[in-house]
Amino acid sequence: MATNPYFNHKPAPSSRLLEDLTIEAIKMYGKDMVYMPRTLVREDTIFGEDNASKFSDGVQMEMYIESVDGFGVNDQITQFGLEIQDTVDLVVAKKIFERGLSHIESITHPREGDLIYFPLSNYIFEVKYVEHENPFYQLGKLYTYRLSCQLFRYSHEEINTGWSEIDQIETDISGVTNDAGAVVPQDGFGQNNNVQTDSNSILDFSEVDPFSEGNY
């Protein structure tokens, strides 16, 4: 038997009303964020990374903070020890996102690797996963994107979005970027002369190795 057509029929006005209510709720209870799409310069298709990626645009849009009780903590044990990373789940309306990024034809939905600036805490988060089917097709349509984000760890990216408070974060990283915003390579121990001096006193190859029977 078929489903009841009086309850399963999805009229367009009802769908548009639910979408408008969703957008209005995010505007009321959300926060203004800045979405920064990543621009790939020299993409490595084998390893899936880009050592010269940059962020040259920033679009402000409202997003709802789903983890209202604070930042989540993602603990990972790596080769460098225990790493604790703040995480946050954000919800953005599909229509608002498409309207804000309409000037970039290649971007039709949020992407993993893009950045989001959180002005309330002055943090930059990186999008790690995009869930586009939550909630699951209410009235037969999708209205929001759910973004799982993690605190961004700066390494080599060029950030020049036009937002002074965002671009200043890269400038404040001493020894990594110069006044022009370009990455300054650090050779050896960089400007840390104490580490260089201590290493010379620890690794002294002028003495004969007592375990080599005179051959060193």
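For the structure itself, consult the block above.
Keep in mind the model is a prediction, meaning the values are calculated, not measured.

> Quick one: what's the story with the pattern of salt bridges, residue by residue and with numbers?
With the rule as written, the count across this model stands at 10 salt bridges. Residue lysine 95 pairs with glutamate 19 through a salt bridge whose shortest N-O separation is 3.8 Å. You can see lysine 95 sitting in helix 3 (residues 94–100) and its partner glutamate 19 sitting in helix 2 (residues 12–29), a full 76 residues away along the chain. Here glutamate 157 ties to arginine 38 by a salt bridge, and the two come within 4.0 Å at their closest N and O atoms. One end of the pair, glutamate 157, is in the loop between strand 10 (144–151) and strand 11 (158–159); the other, arginine 38, is in the loop between strand 1 (31–36) and strand 2 (43–44), with 119 residues separating them in the sequence. Residue glutamate 157 shares its accessibility class with arginine 38, and that shared class is buried. Where salt bridges share partners, they join Glu19, Asp20, Lys95 and Lys141 into one cluster.

> Which residues make up unusual backbone geometry, and what are the values?
Its identity as a non-glycine residue notwithstanding, asparagine 122 has a phi of 60 degrees, on the positive side. Locating asparagine 122 in the fold gives a position in the loop between strand 8 (115–118) and strand 9 (123–131). A residue is classified by how much of its surface remains accessible, and asparagine 122, at 41% relative accessible area, is partly exposed.

> Help me get a handle on helix 2, residues and values and all.
Taking 1.5 Å per residue as the helical rise, helix 2 with its 18 residues ought to reach 26 Å, and the 26 Å between its terminal C-alpha atoms agrees with that figure. Taken together, the buried positions of helix 2 are Ser15, Glu19, Thr22, Ile23 and Ile26. The arc that holds the buried residues of helix 2, viewed along the axis, is 95 degrees, so those residues lie on one side. Of the residues in helix 2, the exposed ones pointing more than 90 degrees away from the buried face are Pro13, Leu17, Leu21, Met28 and Tyr29.

Reading the values: rules and limits
- Residues numbered from 1 in each chain as written.
- Predicted model: local features only at pLDDT ≥ 70, side-chain atom pairs only at ≥ 80, totals over all residues.
- Heavy atoms only, no water.
- Salt bridge = Lys/Arg side-chain N within 4 Å of Asp/Glu carboxyl O.
- Helix = DSSP H or I, 4+ residues; strand = E, 2+ residues; numbered from the N terminus.
- Buried < 20%, exposed > 50% of the residue type's maximum accessible area, 1.4 Å probe, protein only.
- Expected span 1.5 Å × (residues − 1).
- Arc of directions from axis to C-beta.

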